[in-house]
Amino acid sequence: HRRPGRELKMAGPEPGGSFRHCLARLSALRLQPGSEQPSGGRRTELHLLLDQLISDSCGPAAVDVCALLVQACQLVHLDQAHLVSKVCQLIYHLLNRFQVTFDEQNLNFLLFYCISSLKQCSSWTHVEVLQALAALVYNNGPKCQKYLPDLLGKTGLLVQFSDSAQPNMELRTAALHSMANLCLSVPGQPYLDEPYRSVCFQTFLSVLQSSKTSDVDDITFCVLLQNALKGIQSLLNGGKMKLMQADQLGSLLAVLKKCMFHGLPGLSIEVPAALYPAPLPQYDKRSPVKQEQPEPAASKTTGNRRKKSKGKQKKGEFAEEGREDLCDTGKESIRGVDMLKLRLGDTCASDAACVPAGKDHLSSHCTSWKRISSSESEYSDAEGGIQSKTRSYQAKVRQGALACFLSTIKSIEKRVLYGYWSAFVPDAPGIGSPQSVSLMTIALKDPSPKTRACSLQVLSAILEGSKQFLSVAEDANDHKRAFTPFSVTIASSIRELHRCLLLALVAESSFQTLTQIIKCLANLVSNAPYSRLNPGLLTRVWNQIKPYICHKDVNVRVSSLTLLGAVVSAQAPLPEVQLLLQQPSSSGLNSSGSGTPHRFNSSEQWRKAPPLEGESPDNPAGCTSPEPCWLIRLCISIVVLPREDSCSDSDANFPSGSVYEPSPVRLESLQVLALLVKGYFSMAQTYLLELGEVACKCMEEMDPSIQLHGAKLLEELGTGIVQQYKPDSAVAPEQRVPVSTVVTFWTMMLNGPLPGALQNSQHATLQTSACDALSSILPEAFGSLQNDQQILCITLLLGLNHSETPLVKAAAARALGVYILFSCLRQDVMFVADTANAILNSLHDKSPNVRAKAAWSLGNLTDTLIVNMETMGQSFQEEFSDLLLLKMLRSATEASKDKDKVKSNAVRALGNLLHFLQPYHVANPRFKEAIEESLQALISTVLSEATMKVRWNACYALGNVFKNTALPLGEAPWTTQAYNALSSVVKSCKNFKIRIKSAMALSIPSKRECYGPTEQFCQIWDALVEALQKSEDTEDFLEFKYSASLRTQICQALLHLLSLAKSTDLPLIWRTITANGDAIKSYVLQYMKCGIEENEAGTRTDLCERERKLKGAIEHLSGIEKQVEGKAGLRVCGYLEGILTNHANATELTKS
């Protein structure tokens, strides 16, 4: 248990005066002669002193408490049982009231005293001693290592007293309390060793597995269970307890499931000793007798409900019967029987409970629930205090079990957890089969709002991160199957979760629990694969949550907006959500009480100002939308409009005098706007300039969070526009936001608060977001901005690149990497040079994040150098500083030795820089060493154990190097190293994408001389032939999908080598063909007949192109055969002609 507040209290004119007086009297007793064996008078005085201290309410200093307890223990000998009992009561009393920090010496003394008392004193004192021990070890576990063998060893005192054979239940409970407190972890301190953890875990588990005997009262048994649950939770939270064994985890989950329903009215369940994970859903093995007798079971349940009418009504809680009618709890996959004495009401059985909830529908549900709870509540009549107390303790057990389950979820991997999915998550019940219990049973039926909220927290934790597990779900189209596929079972579970949570939403009255329901729904929506499910689920969620946007409780409003945000971001864009966004604004928004009835009317009139320049009156954003989006309008109004008088917040934490909605509501509205813009930009673009004004207004406010969200909204707007103009965009040109409107939009931003946000050094996060927003400007629009605005953007980014805040510096470096690709800037040599210097500065920053962003920008900058070289020719190369180029080469080489996130772009930059070098650079002695080092860096990266992306980029970079004819390719020593590295990778790399890129690099040199001597050329040939034969050898099934592309690339490389081969190469080539001719022939024929496909480089090769390459190789070999001694050339040529003939015959057969 957590002990009650232990703050130091001050009482009376002289704080602690009375306490100090008692302490002085104790000291006096110690100093008197014969204190070793106190006389009757002294013993009486000790009794009186201890009684006074126990009853005294004055607040001592912590040091006084420590000294007093030590002195008291020194005065009381272990043969004086009554005094020992009182001293232990005093320890428990003081440590539970005051925060006391013990030094190691005093703690050891007191622990030794308690342990000795347990060993020597009468058994009737043991409960008080154990309570004192529990108070001493609380948060002091790491300091108790010395006494762990006495307490938790094989014959340890706590192990003995907590044993199931212990007849004294009070003693067993106190021992468990001490053991649980010992298991509490202290941050930064060593935790219990494994043997002791195991002993404690098994002890707690055996307690939870035990059943209540008739001689134990309910409250005592509840306290026993609470202590065991708290102990297991502490073990799990300590971070050391790993539930690796399946039987250990299964046993724990079984007892937690049992305790989750402990004392829940109307339920009688039997859970097996252990739950077992299931790779596929298991079917419940239920008693046929129960299935054949549904009516008696129903009548029995009705009888139980009659008894419950004697209970006491709790304010704000629903009746058990009402929850029963709505409860639906799915199947679970365990061996054993869960006998659930529930009545499945008409509401649950029909789909009427899940129809879109408009005003009348919700009103009728709420009315019926209130009627039930007031007339048939479990707690409606006065009842004895003992029953109320029992129910309270039982609820605490359920809450403890759920809290322990939450800790269990956090301590195991999700893939392990999902093996037990069906034991805790509802599934649609089969026809005629009885209901099984799940977390939703508690959420719908438990009379305690806190317990309901706990169950929803656990369900949320299970759903969090479940996207991969749920991604297999798919609704069945064929209902006549002999079995139910796993995908259909998961889809059924998802549907049932939606249904139950929406029922709970309608039924709930507690605002805190209501918030948890909505958060749980948001987690479900964020992870469910709606694109694979039949439409309608999101419509039900949408229509039932709309009224809660105007709920009187702030937290409910915030969570409702969070849920709507989850809906609009769920696999966006979804056609179902698109239709929901176009619903009339008034649909389902008038029925949640204490809302804002005038919000929508007033919001329609917001900002009805004359159109801005470049904006037509009928078409504000230059685009059309069939219907305004009510959610965008709502969120805008929440953010910018003053709050309505009728909106009264129930949470006192938010100032009632504020002009606007409470900050959390406004922030969540801004989040929803950003998600809407991201997922449904075609709808949001109608409001582009209006949303721009919202972003401006937010960035002008004083609240840093509002400013930050305004900047993030601006970034999403900018990104949405950029996405429309990408070459692969599916948006038709006439449907895009016109460039003139985009220019107007960014002019408004740059004339507004954006520059101020960029220069707000007091708010680094805002500066970072403003940098990201500025980098999202459309390149075409940037070129049309006024010259002074362009200069402003560049100056701000170059300046922020020298920020001392890593976040800001990283964002500025990334933004410069975006700007360097703008066509209107990249040809400006001065801008390129300024940007290069700024990026190189960031590339040497101590922050890994800054270096990673700078490396990405350097890669982009070198891409620009190549584009300029190809479009502007030698003029740009000559104008670009040699010194800066050398500096870039050296910096990129150094960065290629950094972490993988930096390295991947550093090697990309190296490839571009080495491609960019001109003959006069290569001849320059200053460049010679830098070129050699950079090439060695690339070669070593290709052969390294770095990530796939790094090695792929290194292969790509070497391919770029091979394009530069100014480099001594084929002559320099590094050439052999580069070819050997690529040959090794193409044969043996586990990742097929890297193999493909290395084969591509090997096919880039355009002259035979570039491949070096015959021996090296033929080694490359042999490596490619071997790689072709190994193109299907992989241990990773996921790599198979790239094997066809790999074969295509290798075949192209082989034909490329043949089209360059010299006469001296052919004998060695023929030797390889002789050994592997059949295999090569089959792969080349397969390559020839593949038809049109897109290769790894993104270029398309058709049938004619492939035939042309083969014929080109044959013609080249025919031309040199006269120079060949022997018949090798003729044989190779004949071999290729045979392949061409076979291909032609196969093509003819296909046509005929």
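Residues numbered from 1 in each chain as written. Predicted model: local features only at pLDDT ≥ 70, side-chain atom pairs only at ≥ 80, totals over all residues. Heavy atoms only, no water.

Per an unreviewed UniProt entry, the chain carries the name HEAT repeat-containing protein 6 and comes from Cairina moschata.

Some points on the overall build of the chain
Helix and strand content of the chain: 56 helices and two strands. Within the chain, the proportion of its 1152 residues that are buried is 56%. Taking the contacts inside the chain whose residues are at least 6 apart along the sequence as the reference set, 76% of them involve residues at least 24 apart. Accessible area of the chain: about 49200 Å², with a carbon and sulfur share of 52%. (Helix = DSSP H or I, 4+ residues; strand = E, 2+ residues; numbered from the N terminus. Buried < 20%, exposed > 50% of the residue type's maximum accessible area, 1.4 Å probe, protein only. Contact = heavy atoms within 4.5 Å. Areas by Shrake-Rupley, 256 points an atom, 1.4 Å probe, with all protein chains shown as cover.)

What to know about a negative patch on the surface
Taken together, the side chains of E894, E929, E932 and E933 present a region of like negative charge at the surface. Per-element tally for the negative patch: the top contributor is helix α48 (residues 925-943), with three residues. Mapping E932 onto the fold places it in helix α48. The class for E932 is partly exposed, based on a relative accessible area of 34%. (Patch = residues over 30% accessible without salt bridge, like charges linked within 9 Å, V, L, I, M, F, W, Y side chains within 5 Å. Salt bridge = Lys/Arg side-chain N within 4 Å of Asp/Glu carboxyl O. Lys, Arg positive; Asp, Glu negative; His and termini not counted. Charge placed at Lys NZ, Arg CZ, Asp CG, Glu CD.)

Notes on the nonpolar core
If you look at the biggest cluster of nonpolar residues, it comprises 342 residues, and the most contacted ones within it are L631 and Y819. No other element matches the ten residues that helix α24 (residues 486-507) contributes to this core. Not counting chain neighbours up to four residues away, the residues in contact with Y819 comprise L774, S775, I777, F782, C793, I794, L797, L825 and F831. (Core = buried A, V, L, I, M, F, W, Y, C linked by side-chain atoms within 4.5 Å.)

Observations regarding the packing of aromatic side chains
Applying the stated rule across the entire model yields 16 aromatic pairs. Taking the centre distance of 5.6 Å and the plane angle of 80 degrees together, the rings of W542 and W630 count as edge-to-face. Here the residue W542 occupies a position in helix α26 (residues 537-545), and W630 occupies one in helix α30 (residues 630-640), the gap between them amounting to 88 residues. Both residues of the pair, W542 and W630, belong to the buried class. In textbook terms, an aromatic cluster arises when at least three aromatic residues are bridged by ring pairs, as seen for Y418, W421, F469 and F486. Stacked on the ring of Y393, the Lys or Arg K396 has its end atom at 5.3 Å from the ring centre. (Phe/Tyr/Trp six-rings, centres within 6.5 Å; stacked < 30°, edge-to-face > 60°. Lys NZ or Arg CZ within 6 Å of the ring centre and 35° of its normal.)

Thoughts on the packing of helix α42 (residues 829-843) against helix α45 (residues 882-895)
One can describe the packing of α42 onto α45 by two numbers: an axis separation of 11 Å at closest approach and a directional angle of 30 degrees. Taken together, the axes of α42 and α45 are roughly parallel relative to one another. The two elements α42 and α45 cross, and the hand of that crossing is left-handed. Counted together, A833, A836, N837, L840 and L843 of α42 and L884, K887, M888, S891, A892 and A895 of α45 form the full contact between these two elements. Residues of the contact of α42 with α45, tallied by class, amount to eight nonpolar, two polar and one charged. (Axes fitted to C-alpha atoms, helices over the stretch in contact; angles between N-to-C directions. Parallel < 35°, antiparallel > 145°, perpendicular 65-115°, else oblique. Left-handed = near helix turned anticlockwise from the far one by under 90°. Nonpolar A, V, L, I, M, F, W, Y, C, P; charged D, E, K, R; others polar.)

Considerations on the environment of A134
Inspection of the secondary structure puts A134 in helix α6 (residues 126-137). The spatial distance from the C-alpha of A134 to the C-alpha of A175 is 8.1 Å, given a sequence separation of 41 residues.

Focus: unusual backbone geometry
In this model, A572 is joined to P573 through a cis peptide bond whose omega is -5 degrees. Checked against the element boundaries, P573 lands in the loop between α27 (554-569) and α28 (575-581). A positive phi is found at N139, a non-glycine position, where the angle reads about 60 degrees. Position of N139 relative to the elements: it lies in the loop between α6 and α7 (148-152). Using a relative accessible area of 40% as the deciding quantity, one classes N139 as partly exposed. Not every positive phi belongs to a glycine, and Q571 is a case in point at roughly 45 degrees. Among the structural elements, Q571 can be located in the loop between α27 and α28. The class for Q571 is partly exposed, based on a relative accessible area of 37%.

Section: helix α40 (residues 806-819)
Between its terminal C-alpha atoms α40 stretches 20 Å, which fits the 20 Å expected from 14 residues at 1.5 Å a residue. For α40, the buried fraction is high: eleven of the 14 residues fall into the buried class. Buried within α40 are the following residues: V808, K809, A810, A811, A812, A813, A815, L816, G817, V818 and Y819. Summarising the contacts, the buried residues of α40 are in contact with α37 (764-774), α38 (779-782), α39 (787-800), α41 (823-826), α42 and α43 (848-872). (Expected span 1.5 Å × (residues − 1).)

Quick notes on the confidence of the model for the chain
Chain-level statistics for the chain give a pLDDT mean of 80 and a share of 77% at 70 or above. Overall, residues 590-626 carries pLDDT values under 50, and its contacts beyond four positions in sequence, including any with other chains, amount to 84 contacts. Taken together, the stretch residues 1092-1100 has pLDDT below 50 and engages in 17 contacts with residues farther than four places along the chain or on a different chain. (pLDDT = per-residue confidence, 0-100.)

Re the pattern of salt bridges
All told, the structure shown has 20 salt bridges when counted by the stated rule. Note that R495 and D475 form a salt bridge whose closest N and O atoms lie 3.0 Å from each other. Of this pair, R495 sits in helix α24 while D475 sits in the loop between α23 (467-470) and α24, and the two are 20 residues apart along the sequence. Given the relative accessible area of 24%, R495 is considered partly exposed. The exposure class of D475 is buried, given its relative accessible area of 12%. For K697, the salt bridge is made with E701, and the minimal N-O distance between the two is 3.4 Å. Each of the salt bridges in this network shares a partner with another, and the network as a whole consists of R666, K697 and E701.

Description of the environment of Q724
Here Q724 shows up in helix α34 (residues 704-724). When neighbours within four sequence positions are excluded, Q724 is seen to be in contact with F681, Q685, S729, V731, Q735, R736 and V737.

Some points on α6
Note on helix geometry: an α-helix contains 3.6 residues per turn, so any two residues three or four positions apart are oriented the same way. Here α6 contains twelve residues, and its C-alpha end-to-end distance of 16 Å stays within 8% of the 16 Å for a straight helix at 1.5 Å per residue. Most of α6 is tucked away, with ten of its twelve residues classed as buried. Every buried residue of α6 is listed here: H126, V127, V129, L130, A132, L133, A134, A135, L136 and V137. Phi turns positive, to about 60 degrees, at N139, one or two residues after α6.

Focus on the environment of C73
Among the structural elements, C73 can be located in helix α3 (residues 62-75). Look at C73 and you get buried, because its relative accessible area is 3%. For the pair formed by C73 and Y113, sequence separation is 40 residues and the distance between their alpha carbons is 7.2 Å. When sequence neighbours within four positions are dropped, the list of residues in contact with C73 reads V87, I91, F109, L110 and Y113.

Considerations on the packing of helix α9 (residues 169-182) against helix α11 (residues 218-237)
Helix-helix packing: each pair is described by the crossing angle between the helix axes and the interaxial distance. Closest axis-to-axis distance for the α9/α11 pair is 9 Å, and the angle between their directions is 20 degrees. Taken together, the axes of α9 and α11 are roughly parallel relative to one another. For the pair α9 and α11, the sense of crossing is left-handed. When α9 is examined against α11, the residues M169, R172, T173, L176, H177 and A180 are found in contact with a partner set consisting of T220, V223, L224, N227, G231 and S234. Taken together, the residues that form the contact of α9 with α11 break down as five nonpolar, six polar and one charged.

What to know about the side chain of K86
Within the fold, K86 resides in helix α4 (residues 81-97). With near-sequence residues (within four places) excluded, K86 lies in contact with H47, L50, D51 and I54.

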